[in-house]
Structures are given as C-alpha cells and as structure tokens.
Number of protein chains: 6
Amino acid sequence: MSRIDGRTPDQLRPVSIERGWSKHAEGSVLVSFGDTRVLCTASFTEGVPRWRKGSGEGWVTAEYAMLPRATNTRGDRESVRGKIGGRTHEISRLIGRSLRAVVDTRALGENTVVLDCDVLQADGGTRTAAITGAYVALADAVRWAQGKKLVKAGRVPLRDTVSAVSVGIVDSVPYLDLRYEEDVRAETDMNVVRTGDGRFVEVQGTAEAAPFDRAELDALLDLASAGCADLAALQREALEG
Amino acid sequence: MSRIDGRTPDQLRPVSIERGWSKHAEGSVLVSFGDTRVLCTASFTEGVPRWRKGSGEGWVTAEYAMLPRATNTRGDRESVRGKIGGRTHEISRLIGRSLRAVVDTRALGENTVVLDCDVLQADGGTRTAAITGAYVALADAVRWAQGKKLVKAGRVPLRDTVSAVSVGIVDSVPYLDLRYEEDVRAETDMNVVRTGDGRFVEVQGTAEAAPFDRAELDALLDLASAGCADLAALQREALEG
Amino acid sequence: MSRIDGRTPDQLRPVSIERGWSKHAEGSVLVSFGDTRVLCTASFTEGVPRWRKGSGEGWVTAEYAMLPRATNTRGDRESVRGKIGGRTHEISRLIGRSLRAVVDTRALGENTVVLDCDVLQADGGTRTAAITGAYVALADAVRWAQGKKLVKAGRVPLRDTVSAVSVGIVDSVPYLDLRYEEDVRAETDMNVVRTGDGRFVEVQGTAEAAPFDRAELDALLDLASAGCADLAALQREALEG
Amino acid sequence: MSRIDGRTPDQLRPVSIERGWSKHAEGSVLVSFGDTRVLCTASFTEGVPRWRKGSGEGWVTAEYAMLPRATNTRGDRESVRGKIGGRTHEISRLIGRSLRAVVDTRALGENTVVLDCDVLQADGGTRTAAITGAYVALADAVRWAQGKKLVKAGRVPLRDTVSAVSVGIVDSVPYLDLRYEEDVRAETDMNVVRTGDGRFVEVQGTAEAAPFDRAELDALLDLASAGCADLAALQREALEG
Amino acid sequence: MSRIDGRTPDQLRPVSIERGWSKHAEGSVLVSFGDTRVLCTASFTEGVPRWRKGSGEGWVTAEYAMLPRATNTRGDRESVRGKIGGRTHEISRLIGRSLRAVVDTRALGENTVVLDCDVLQADGGTRTAAITGAYVALADAVRWAQGKKLVKAGRVPLRDTVSAVSVGIVDSVPYLDLRYEEDVRAETDMNVVRTGDGRFVEVQGTAEAAPFDRAELDALLDLASAGCADLAALQREALEG
Amino acid sequence: MSRIDGRTPDQLRPVSIERGWSKHAEGSVLVSFGDTRVLCTASFTEGVPRWRKGSGEGWVTAEYAMLPRATNTRGDRESVRGKIGGRTHEISRLIGRSLRAVVDTRALGENTVVLDCDVLQADGGTRTAAITGAYVALADAVRWAQGKKLVKAGRVPLRDTVSAVSVGIVDSVPYLDLRYEEDVRAETDMNVVRTGDGRFVEVQGTAEAAPFDRAELDALLDLASAGCADLAALQREALEG
C-alpha cells in the first residue's frame, strides 16, 4: 500500500526550512513540505494597534495568500476581485491564533509582529507549512528585537515552539502530510497544530466524503502528534543552524 | 461548582425549534439555545449554479450573518463596511459543509437549497444553533419539494440528521453548550458537528488561553457527543410535531 | 369592492407592537403590519460622531435592511454583493429623517441613538412599519437613558410621536396600508409620515403607472392622515402597556 | 420681503436650456437654473438589458453625479471612495422614474436610453434642473432614433413632457426654486415633478426643521404647479428653437 | 498629405483656455484642444495631509475622470463599478507629477491644492489638455491664496509654467496633437510634458503597432517641444488676459 | 565617483534568469537584478476573452504585484485594502503592452497567456526586471504550447525578444540600472523597453526632482540602449541554456 511518492502512511515529505530568505524582513523563512513552498516573513514594528495601546501587551497577527499560479490552474488575484475569499480569511485567522498560542504578549511588550505567509507553490498542506515556517520567522524576528533591545532583557516572548501538519483518511488508511492529490481523494481531512511540549493548539477535522467515527479520529490524532513532534525537532535544528 | 444559569456542566440550555416561522421560505425555523436565537430559512430553487449544470447533482450552501444589535454592543453592518468579515465567512462555510455531509446531492437532483442563518440575538453558540436549526429547515424544504414532485419519487436526499454543539474548558472543567460569558472565559473551546448515527462531521478545537492535552480533548469529545445526541432527538421530535 | 384580505379601503391591517424583544438593545420592538414583520432596535451610546463633537447636540440615525428570504424570492445579501443598493439607502435615510423630526437633539445631549430596522418578513409597507416601530424603540431607549441619568433631568428629547403609513390608488380606488399584492398593482403609491399632533414630516408620492391629479393626491393625503392617527394611538397604547 | 437675488417668492431663476452641447451623445443639454448647471446627455442604444429581452418594450434609466468641485467645498469622488452615496442613489432613481412616467416603452421598442446628469456647478435644485434638462435630451435622442428608423414609424415614445422644480418654506414664506442658501434655511422643502398636462409624477416633501401642516403643503403644491408649467413652456420652446 | 481636419503635421488644434468657469473653485478653467474639452478646477485648502504635517511644505495632487458620455460610446461610471480603472489612475498620477514639477512646495507653505480634471468631451489628447488647463487653474488658485495672504508674501510657489501635448507617428508621418481618429491609427504615440523654459518633465512614448527607432523618437521630441512652447505662450496670454 | 555597490555608471547589477522555477506554470522564471527578485509565471490557456472570440487572434496580458514585505517597510496588501493602487495598475499595464509589442497575436491563435510578475524582494527596477523575466517565461510557455500543438505548426508567435532597464540621473551623472537607494536620490528617472533588434517599445522618463534637458535625455537613452542589449543577450543565453 504505497503512496504516490513512495512514502509510508506515517512519513512526512522532505521538509526544508531556509532562514534569512529576505533581506528586508526581521525574520524570513522559505519553508518547503515537498513541493509546497511558502515564503514566511515576520515584520516587527514598535507599537501596537490602537485598541491595544497602553495595555503593556504586544500583538501578533498573520496574513496568508497564494500567488495566482501557485496552483495547477491559475486563480484570480484577490486584489483584482476586490475582496478576500472565505478560505484565505479562515487560514489567515488560523495561523494568527496558532502563533499567538505560544506568544507571551506581555513579555513581547507593546510591539507588533505581522507574519506574511505567501504560497509560492502549492501541493497540499499550505496552511500547515505556513504555521511551521512562520514560527521560525517569528523566532528570528524576536531575536532581532532582543538584539535591538526592543524587548526587555530577561523577557521570553515565546513560551514554546509550534508546528502543524495535515492528516487524512485516504481509501480507509490514515495518512500523514497529504499531497494535493491525496487531499482531493481524502474521505476525512484534519489539520493539527501542536506545541513543542506536545499539547494541542488547534484540531480541525472535516468529513469531506464521509463522517468519521471516534476510532478514526483517534488514529488521525496519533499520526498528527508524531508528525508535529518531528516538525518541532526540525524547527529547533533550523534555529540552531 | 454551579454554572451562571444553574446548569450542570453536561446540561444543554433550554432548546426550542419553531418550524414554519416565515410564510415565504420553503423551510423556516426559529431556533433557540437559551437566549441565542437564530432564524434559519431554506430557499429551494430548481436548477444549480453554472459549474454544476448537467451533473445530475444538486447543491446546498449556507450564509450566516448577525443583526447589528444581536450582541451586547452594536456591530457595524457588513453591507455598510462593503465586505464580509473573516468570522462570517468561516461560519458560513462551516454550516454549508456540515449540511452537505448528510445530503445525497444525486438524490436531490439538479436543485439548489440556500440556507440563511441570521442571528437575531446572540448569547454564545450561534454557529451550533444555526447548524441544528438549519437542518430542520432543510428537511422541511426537502419535504416541500417532494410534495411538489421536484425531487424524484423514491429518492432520499437526506441520509441522516446533523446537529452541533459547543463545548469548552472553563476553570479546568469541561462544560457543554457555552453561554457567551462562559465562552469568553474558556481556556479551550470546541465546536462539534455530528450525524444522527453518532459520527463526526466537524471537530474544531481551539486553545483560547492554554494548549490542551489529549485527556482534555477526549473529555470534550465525550461531552459534545452526548449533547449532539440530545439535539438530534429534539430535531426528530420537532419534525414529527 | 372588497380587498384581498377583506379590509375596507380605509382600514389598517392588524398591527402589533411587541416591546422588549431583544435582551441586549436599549430599546427593541418587533412590529407587525399584517404579515410584514420588522425588528427595530435602538442602540444608545454616549458620545456623538466626530463632526458633531462639542455641539451639545445628540445624533439619531437609522439603518434599514431585509433578510434575504424576507420576500417571496430570495434576494442576494448586500454584504455579499459588497454594496448597499439604492432602495436600501433611500429607506434608511427616510427613517432617519422621520425620527429626527421629533427629536430635540439639544435635549438629548451628546448621545447617539442608532435605529436598526431589519425586515424579517415582508408583505408591503416595510418602511412605514419600520418608522412606526422604530419610534417606540427610540422612546424606550430614551427612557432607559433617563433612568441611567445619561440625559439631563427635566429635558424632553422627544417632542412628539411619529408614525407612517402607505397609501395608493388601486383600480382607481384609494387604499390605506397596501399589502405587497396591492402595491404591485397600484397606479400611484404614497408614503406619509406624520407626527402625533397631525403635521406632516414626509410626503412621498410616486406615479407608478399613471400620473395623478390634485384630487387624487388630496384623497390619498386624507386617507394617510387618518391611518397615521390610528397608528399614533397604538404607539401610545404600547408605550403605556 | 425680497429674496437674496431680488426674486419674488413665486419667481423662477433665469433658466437656459442649451441643446446639442456634446458632439457624441444622441441628445445633450446644458441646463441652467441660475448658477446651477447640469450637463444632461441621452445615450440611445439598440437592445435592452437581459431581464427585458423579448418583451417588446424599451428601457430608460438615469445616473446623476456631481463633479467634486461643483459645490462650495470639494467633495470626495464616489469613484475614489469606491461606492455611491445614498443621496446620489436616491436622485438617480428619482430622475429615472420621472422620465419613465412619460415614456411609452412599447412605442420605444427594444431600445435603451441612459440619461447621464452631471452637475458641473451646484446652487440648489440640481435634481429638478436635471429632470427638466434630461427630458429635452431624451426628446432629442428619440428624434435622432426616429431619423435613423430605430423607432417604428407612427410610434410616439414620449406621451408628454415632464419638468420639475423645488419649493420650500423659508421664514414661513413659501418660495419657488430655492437657491442653495435658501435651501439650507428652509423649514420644509419639496420637490415636485409634473407632466406637461399638469398631473403629478412625484411629490417629495420633507420637514427639514419643523413638520408642516396641510395648508402649507397646499401652498407649496400650488407654487410648484405654476413653476412646472413655466418650465414645460421653456422646454417646448427649446425643442422648437 | 493633409490631416482629417486639414491641419499640417506640426499644427495644434484651435486651443481655448477659459478662466473662471466655476464660481466655487479658487481656480477654474475650461480648456479645449479642438473638440476635446476638459473642466479643470483647483481647490485650495489650508493644511496638508497627515503624513506631511509639520514639514513646512504644501501638497499638490490631481484627479482625472471622464464623464460617461464624453466619448463616442457611453462608458460605465467608475463610481458605479466601485473602482477606478488603470487608465484613470495612470493619468491622474501623471497630471499630479507634472504640476508638482513646477511647484515650490516650501513656498506654497502647508497648503493643499487638488486639481480636478473632468473630461466633458473627448477627442484625443485629454491628458495633455488637462495638464495644460490645470496649470492655469493652479496659477489662479495660487493668486487667490496670495490675495488672501494664505501664502507668505514674497514667496513664489510656481517656479515655471508647464504644458503638455501628444505626438505620434501616423502612416509613417510624425503628427502633433492627435485627434481621436489619428490616435487610433498611430503606430507610435507619445505624450510630452515641458516647462516654460523648455525642459522635459515627462516623456512617455509607446509603440502601439510597431517599435520605433531613435530617429523617429527624435522627430517626435522635436515636434512636441515646439507644440509645448506654443501652448506655454497661450497659457501666459490667458493668465494676462 | 563610484556607486554604492562599486559599479561603474554604465554597469548592470548581476542578473540571473532561473527558468522552470514553478512546477505548475507553462513557463516560469525567477529573475534577479541584484537584490531585486521577481517570480514571473506564464499561464497558457486555450481560448480568449469574450471580446476577442472569433478574431483568430490570441491575447497576452500581465499582472504585477509586490509581496507585502518585499520592501523595507511592510505595505498593506491590496487584497485587504480591497483595491489595486495606481502604481500597480500602471506597471501591470506597462508589462502587458511591452510583451504584446513582440507578440504576433495571429500566429498565437485564439490562446491566452497571462503573465504574473510577483516581486518577492524589491531593490529598485522591479518593473524592468519583471519585463525582462516575463519575456523568458512567455517564450517557455509558447514552446510548451508548440510542443502540445496548441499553436499551429510553422507559426512564430514571438517576433523578437524584449527587455527593459531603468536609468536615471543621480548627482548629475547618468546611471544604469538603479538600486532603490539610487532611485530615491535620482533627479530624473527613466524606464526603457527595447526589442532585441534595438528599437524602442516604451520610453518613460520622469523628472523627479528637476526637469531635464535634451542632452540629458539623450545620454539616458544611450545608456539604456546598451543595457537593454546586454539583457537581450542574457535572455537568449538563458533560453538556450
């Protein structure tokens, strides 16, 4: 029962995390999960949005987008259509929440980090690659800010690491890290976001073709937990590199 | 350890499902989960969107919105702002997916049902009330269509019922069917959508204040499963009434 | 010469004015003119828009909208289309002007009341029902503010009541309070807004099928004046109830 | 009791109707009511909007706009703001309805006329000048179409002329054809649209500062009727010139 | 080799520059290049946009637009479409840059001038007519401000005049000041903006049908230089008149 | 007189043209002019827009955009703002015109190529890098189509190559291929687009700080011509590689 690219069901695609991809951003990462390639930049600015001023707390937010030809068929630009689609909104919100789950906004101080995750090439799992890469870009931006003394000495703005992976049931078999062709065929599809210490930040399971039972859900959670742990190790390695 | 309204942790709020609320729609339900009140209408039309023509399959979609003063503080209208917010998009998509999970689009034939879920008053759980009520409105619209012979005889467009409930961990205790004040205080918050036969359609868990471990996740899933089963019974009762 | 619902030409439909329909709004009314049902909420907030600051005067404004399936055929949401249509704009402006005609903005002080009139079900006369109901919601919000001492003691922010009704010429006969089917057939159609003391706030007459002469105009004004007086009595009754 | 420009209360401003102002449009008029100057063009095209195809009937519609510096203070362009304001919508709809009231759409055949009324300079009464000028532009476009045999021989697409004027009560005196400064001070303000044979097409009276009684309404209607009759004579003169 | 209107290749169309066309604007000009007619208004206001506050420098910007029936075929309004097209954006930016090239923003002080260039009738060369006319409107607005002491005594906010003309190669012959029919047939088309002292502000050459060589480019620049000099003389004459 | 990066005034930055960067697009190039990095994809589809159907001619168009953190300071996304800015519009149009100048649309047949030029990192000259890279992507897409027999045998859809470069006067010295810091300081700034055979497609010169005379214009054109010739050689080399 081999997968289209020869992987075992519980195997990640080759992952690469290339730091310092952009010369302008305070943190930047080109992350690849196989052929899925996402450019993640972290823009650090002093100050916070108006509604947060004077709170002593920082703010972290994210925006996700796809280049028009990141996919097999060209999609219209959302800027040309004049509005952001539901899927884009949903993923941007997911990335923001996922990262905020490991940020100590008080330790960050009244500073803002915006994470831009632009999909240069898509082959399934763009949102999970984006979260995994954005964490590393965020960590670099925080280090940069510490170097510039924009974060108070002794403060630790990041409580833990965070990574994400997709899992799904394809032809009744639970698979880790779906490629696009697998994703399309999946009966059930789940994105899981976990912290480095193994707790859940987000669990989003959707029955695409058929509702799933508790046993299937448990199998998917097990698979995703192992995948996230592997990704967390790769993140630490990249940051130490 | 009593809740603000005296419920036990595993107790639903009083639920009412009032059918036939609107004289124009083919199916319409005013659903209440406590003080949360959502008007769900099902609009049945012959024909499908262009991209589905000739497929022999129908289409079911949903739109969710809140009246500006459904909440404690008045919100700007999305029509006035000129765009739909991310939250609205996300919930509309969730409702649509949840209902499509029990629809046999081939049995529906080339017909379209649009489910409009407008929150008249909000007190937590608006999306889960919307799904629960929309199912009943959809069932009524399908019956109407069967009466009009718009669905072929012998076809069963609805494979099962579907209902939804929110669960969350408040002060370390798992609670069923959160009110707004509980939701705001929840460390973790999950929406679960289940079919009448007890399988999952959607599981969306989010760590609001602190990541959650597998045991907590399991407790929430148990609580939600029981709540969805109760709601399924109330749906059946309403449809038989 | 009986009307479709058996009314005489000068008879209103059954009118109901249900106060306190929403738990959040400072004033809220579910008003019905027959099958036309409009939820009117009055949101009272301290402060005024920037252009009015320091004037010592308050501000009252209104927004009107229809739920997509309030009508016989589902209409697209204005939020989805990304803009507000001309009809919606026009009616929102009419409601706002009508209520401001009886508001003493100086007595109101630098406070704002927004009236949201959302049509839950439409059967003709939605704008006149909205004005009639919004007045009652506004009166309740003003009372609430007086109770909270947000309006100075001894000040009377409402100079009079205000109500509205539609009239039209159908098959050469002037009719009061048109239902949708009558409205569609009307040669001429007029909306009249009057104060409790019997003066006009707005008179908007439109030749739909044929221009009208002075005698017809006079007949419609007489009919509307009587209808508005009846509605004013029902408003007073509701507020005393 | 003289007016700022020395007119008597029942006197129109100097009116000019300059035909053939644009070389491209099938009908075009630069109309002036005193310093109010509106360029009205009538664009005649064969065919009708999709919803009217096959009906045998034509369509007439109007769009009104103001140049940004038509007024004393520069206004933002609606194209730059990305949406049309309520006032613009309302006036465009009024102009369209007013002209359709004298159009025999069956005689027009499946042709469309769009009337563009662009205010080059504003000094009160822009909508009434627009209607009065647009009628003449429409008449020229219809003649042009008759010359081209685009309208069937023997058909009379225009049943009558139509003109419009504003009236208002300023310091308790009813005035005809208000200038901007008078309009601002008016307690009540009314726009009246009449056919050449003296019947009403639109009556839109609004209490700006104080509700008005039936006697005041009657006085305003008398004044407007005389003004519209004078304008109708000027229209005929212009079309014969 | 005569042109459609009998001009020689190096001849301008009849140009007229009518000052004081609008009673509201601080400067206003109706400029005609043959049948191309553009209304240019200059709106002078004290203060500058936020990003320029405290700089001691003024700001000059421009907005260009066409009335819907300025052209042979009616175009949709950009306000109705809800967005500004690329061509409009491009020309607005060109006009603004061209005028700023002769403005001493320090001498202007913290004041803003907005130039609105609305094409009432188009027959080629609308952007060059707009620049030429807008300069005169700007000069009038600056004089007005000097009269009101809004510009410091002794300061000269305008360093020079600026004018613009189009040139193009039609049937291999370089032509000055193209009419619409010539523009459509041109192989190459260039807009040149020059100061009164004969230097270039903008040179925008575009190969419409065939790339052009250096000799052709030189011929077009010579032709445009002479044309701009003639226009500069007409501007000075208009301002002295 | 050395430049910030040690180049001579007439020297290009290191240029790289990396073909086949994306697995989905029919042609794709990552082009770098120094630190400026633009991803150009060419999407080939059969068929043409409606207005061109049946003409026997193809269509080539372009869209340009910048990632939010391509620049030193993060810019808002145009999709979030809901509209495309003037600069984006202008550059997209320039790229499209430049490429169409070398396309034989008849030889292309009724096919469409969309060129997406997304700036991943900006350091001056993004539009010229985009044109230079897009040409290579277009050439690859045409080859792909020829391989698939989507272009008729024997037809040559590309008449020539096309490349572009920026030039400018910095501290009175004409410089080739400006970096961002040079561009900001330039008195005059010009973008030149040339065909492989040395003719001009576009010449866009703008006086940023001071108008320029004919001698300066000539010097800039010489410099740009040499730069474009070098780029054309690099394009050929890349396509042969």
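Model, not experiment: these values are computed from the prediction. (Residues numbered from 1 in each chain as written. Chains lettered and ligands numbered in written order. Predicted model: local features only at pLDDT ≥ 70, side-chain atom pairs only at ≥ 80, totals over all residues. Heavy atoms only, no water.)

Participant: I keep staring at the packing of helix α4 (residues 126-147) of chain A against helix α6 (residues 214-240) of chain A and nothing clicks. Help me out?
Facilitator: Any two packed helices are characterised by how steeply their axes cross, that is the angle between the axes, and by the distance between the axes. Residues and elements named next belong to chain A. The N-to-C vectors of α4 and α6 enclose an angle of 30 degrees; their axes lie 10 Å apart at closest approach. Seen from above, α4 lies across α6 with right-handed handedness. Of the residues in α6, those in contact with Thr132, Tyr135, Val136, Ala139, Asp140 and Arg143 of α4 are Leu231, Gln235 and Leu239. For the contact of α4 with α6, the per-class residue count stands at 5 nonpolar, 2 polar and 2 charged. (Axes fitted to C-alpha atoms, helices over the stretch in contact; angles between N-to-C directions. Helix = DSSP H or I, 4+ residues; strand = E, 2+ residues; numbered from the N terminus. Left-handed = near helix turned anticlockwise from the far one by under 90°. Contact = heavy atoms within 4.5 Å. Nonpolar A, V, L, I, M, F, W, Y, C, P; charged D, E, K, R; others polar.)

Participant: Any chance you could explain the pattern of salt bridges here in plain terms?
Facilitator: Oppositely charged side chains can form a pair if their charged atoms are brought close together. The full count for this structure, using the stated rule, is 152 salt bridges over all chains. The residue D:Arg13 makes a salt bridge to D:Asp177 at a minimum N-O spacing of 3.1 Å. You can see D:Arg13 sitting in the segment before β1 (15-19) and its partner D:Asp177 sitting in the loop between β7 (173-176) and α5 (180-185), a full 164 residues away along the chain. Exposure remark for D:Arg13: the relative accessible area of 4% places this residue in the buried category. By relative accessible area, which is 0% here, D:Asp177 ends up buried. One salt-bridge network, held together by shared partners, links A:Arg3, A:Asp5, A:Arg7, A:Arg13, A:Asp35, A:Asp123, A:Asp177, A:Arg179, A:Glu182 and F:Lys23. (Salt bridge = Lys/Arg side-chain N within 4 Å of Asp/Glu carboxyl O. Buried < 20%, exposed > 50% of the residue type's maximum accessible area, 1.4 Å probe, protein only.)

Participant: I would appreciate a short explanation of the relation of the copies chain A and chain F in the present structure.
Facilitator: Between the two copies of this chain, the relationship is a rotation about some axis together with a displacement along it. Turning chain A through 180 degrees and shifting it by 0.0 Å along the axis lays it on chain F, with an RMSD of 0.0 Å. The relationship between the two copies is best expressed as a two-fold rotation axis. Closest approach to the rotation axis among the C-alpha atoms of chain A is made by A:Ser79, whose C-alpha sits 1.8 Å away. (Least-squares fit on C-alpha atoms with pLDDT ≥ 70 in both.)

Participant: I keep staring at helix α4 (residues 126-147) of chain F and nothing clicks. Help me out?
Facilitator: Note that an α-helix has 3.6 residues per turn; residues three or four places apart therefore point the same way. All names here are of chain F. Between its terminal C-alpha atoms α4 stretches 31 Å, which fits the 32 Å expected from 22 residues at 1.5 Å a residue. With 18 of 22 residues buried, α4 is to be regarded as a mostly interior element. Backbone geometry just downstream of α4 places Lys149 in the positive-phi region, at approximately 60 degrees. (Expected span 1.5 Å × (residues − 1).)

Participant: Please explain the relation of the copies chain F and chain E as it appears in this structure.
Facilitator: Turning chain F through 180 degrees and shifting it by 0.0 Å along the axis lays it on chain E, with an RMSD of 0.0 Å. Comparing interface residues between copies, 100% of those in chain F also lie at the interface in chain E; the contact surface is shared.

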